[in-house]
Structures are given as C-alpha cells and as structure tokens.
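Chain residues, written in single-letter form:
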Amino acid sequence: MCQHSNQCPPADAVDREAARTVATFCEQGWSLLCNGVIVFEDTGELLPDGTTIAPHRGPAPHALAA
C-alpha cells in the first residue's frame, strides 16, 4: 500500500503507528495511515483486516508523581 521511498511499516508490524498519516478527521477523532490502519484519539486502532486494538495509552502523568 505504501508508496514512500522508505516504506512505512505494514499494518501487522509492531511499529505500525509509525506509518505516515494520509487523512485526519480531528472532529471525529481518527486518522488514516498509509498502511491502512485507522488510529483513534484514545490510542485504539482498527487494522485493515477488521482486527481491533484496544486503547493502550499509559497512566496519566499526575498518577505517576504519587
């Protein structure tokens, strides 16, 4: 799918989120990457094959300060 000279990681790679953004829909909270992955504001993902990845952001910075 990727047409860049340094190809972006494929959708099944661990670093799939490093692919370039081709469309952003800020008002809806999601972006489409060139490898076909849809990433959501909450860090969840939808892969091209329909697989979902649950949100995976870390704890809030203030929670780590305690």
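Note: the structure precedes this text.
Residues numbered from 1 in each chain as written. Predicted model: local features only at pLDDT ≥ 70, side-chain atom pairs only at ≥ 80, totals over all residues. Heavy atoms only, no water.

On the basis of which strands lie adjacent, the open sheet formed by five strands has the order E1-E2-E3-E4-E5 and antiparallel pairing. Looking at the sheet topology across the chains shown, the edges are occupied by strand E1 (21-25) and strand E5 (52-53). As paired elements, strand E4 (residues 45-46) and E5 share two bridges and run antiparallel to each other. Residue pairing for E5: Leu 46 is matched across the bridge by Thr 52. (Pairing = 2+ DSSP bridges. Helix = DSSP H or I, 4+ residues; strand = E, 2+ residues; numbered from the N terminus.)

Nonpolar side chains tend to gather and get buried jointly when the protein is soluble and globular. Of all hydrophobic cores here, the largest spans eight residues; its members are Cys 8, Ala 11, Ala 19, Leu 33, Cys 34, Val 37, Val 39 and Leu 47. Setting aside residues no more than four positions away along its own chain, Ala 11 makes contact with Arg 16, Asn 35, Val 37, Leu 47 and Pro 48. (Core = buried A, V, L, I, M, F, W, Y, C linked by side-chain atoms within 4.5 Å. Buried < 20%, exposed > 50% of the residue type's maximum accessible area, 1.4 Å probe, protein only. Contact = heavy atoms within 4.5 Å.)

Now for the packing of aromatic side chains. Enumeration over the complete set of coordinates arrives at one aromatic pair. Measuring from centroid to centroid gives 4.4 Å for Phe 25 and Trp 30, while their planes differ by 25 degrees, and the two rings are stacked. By relative accessible area, which is 29% here, Phe 25 ends up partly exposed. Using a relative accessible area of 22% as the deciding quantity, one classes Trp 30 as partly exposed. (Phe/Tyr/Trp six-rings, centres within 6.5 Å; stacked < 30°, edge-to-face > 60°.)

What follows deals with the side chain of Asn 35. Looking at the secondary structure, you find Asn 35 in the loop between strand E2 (30-33) and strand E3 (38-40). Within the structure, Asn 35 has its side chain in polar contact with the backbone oxygen of Pro 9 (distance 2.9 Å). (Polar contact = N/O pair within 3.5 Å; in protein donor to acceptor, adjacent residues only side chain to side chain.)

On to the state of the cysteines. Any covalent bond linking the sulfur atoms of two cysteines counts as a disulfide. By the definition in use, this model includes zero disulfides. Cys 34 takes part in no disulfide bond, and the closest cysteine sulfur to it belongs to Cys 8, at a distance of 3.3 Å. (Disulfide = S-S within 2.5 Å.)

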